[in-house]
Amino acid sequence: MLALLPALNAALALAEELMPIVQQQIKAGMISPEEQQKVRDKFNSLRQAAAFEGPEWEVPPEAPGSPS
Amino acid sequence: MNTRRNIGALAIFAMLLCSGMTCRQLDPAGVYQGDSALYESELAINTSYDIVHTFVDWELKNRAALAKYPEIGKSAIRLRRDYKGWHESAIALHDVYEANKTDENRTKLMNAVGLLRKALEEATKHMTQAAQPST
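Notes on the structure in this doc start here. (Residues numbered from 1 in each chain as written. Chains lettered and ligands numbered in written order. Predicted model: local features only at pLDDT ≥ 70, side-chain atom pairs only at ≥ 80, totals over all residues. Heavy atoms only, no water.)

## A few points about the overall build of chain A
- Per the secondary structure count, chain A includes two helices and zero strands.
- The burial tally for chain A puts 37% of its 68 residues in the buried class.
- Counting only carbon and sulfur atoms, one obtains 57% of the accessible surface of chain A, whose full area is about 4,100 Å². (Helix = DSSP H or I, 4+ residues; strand = E, 2+ residues; numbered from the N terminus. Buried < 20%, exposed > 50% of the residue type's maximum accessible area, 1.4 Å probe, protein only. Areas by Shrake-Rupley, 256 points an atom, 1.4 Å probe, with all protein chains shown as cover.)

This is the structure:
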């Protein structure tokens, strides 16, 4: 567990980024035009630039547990 | 502890997305003009990509330390193989629905979003699992 704690940095950074969204989702009320625009902007940038090319997306050659 | 709090927030967020509890009403003055299917699908595409990308990167960088969790390695392999197709399919079905808002196209889009939510849930489950103080 201790060895893994530093490794969780990316997940924690993401969690921190998502915290305001969590709070927005929990609180009552309408989704404002500004909130909607943020989602749309992110979607548009993702559809143009979603990357699946880095080493993190490569399937290990000796991949254990081949899909059934 | 912040670590547990943040991981907990991530898990709660995933649960909210997966359970469809994110369905607050849209202000019709916004870009979605009240269309919740478009909003939900774009939110799911955005969020699942971020979380799945974080998950596969985290698994790659910590493969040795994660060896004691073989299910995490298997899940990462499965998501590397399948997630891109799910992502692209969801975007394609989003565009089809946006151009022609029929019930059938909406259902197809929501089915594709369901796959993304499952991927998000799986990635989140494994990251929270590894963050537990004991296994």
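## A few points about the packing of aromatic side chains
- Applying the stated criterion to the full structure yields seven aromatic pairs over all chains.
- Summarising the aromatic geometry, the rings of A:F52 and B:Y49 are spaced 5.5 Å apart at their centres and angled 80° between planes, so their arrangement reads as edge-to-face. Here A:F52, found in the segment after helix 2 (33-49), pairs with B:Y49, found in helix 2 (residues 36-61), and the two come from separate chains.
- Residue class for A:F52 comes out buried when judged on its relative accessible area of 12%.
- Residue classification places B:Y49 among the buried positions, given a relative accessible area of 7%.
- Pairing B:Y32 with B:Y39 gives two aromatic rings, centres 5.4 Å apart and planes at 80°, and the pair type is edge-to-face.
- By relative accessible area, which is 1% here, B:Y32 ends up buried.
- For B:Y39, a relative accessible area of 5% translates into the label buried. (Phe/Tyr/Trp six-rings, centres within 6.5 Å; stacked < 30°, edge-to-face > 60°.)

## Points about the packing of helix 2 of chain A against helix 3 (residues 70-99) of chain B
- Taken N-terminus to C-terminus, the directions of helix 2 of chain A and helix 3 of chain B make an angle of 120°; their axes are 12 Å apart at the nearest point. Here helix 2 of chain A lies oblique to helix 3 of chain B, going by the angle between them. Both helix 2 of chain A and helix 3 of chain B take part in a crossing whose hand is left-handed. Between helix 2 of chain A and helix 3 of chain B, the residues in contact are A:R40, A:F43, A:L46 and A:R47 and B:H87, B:I91, B:H94, B:D95 and B:E98, respectively. (Axes fitted to C-alpha atoms, helices over the stretch in contact; angles between N-to-C directions. Parallel < 35°, antiparallel > 145°, perpendicular 65-115°, else oblique. Left-handed = near helix turned anticlockwise from the far one by under 90°. Contact = heavy atoms within 4.5 Å.)

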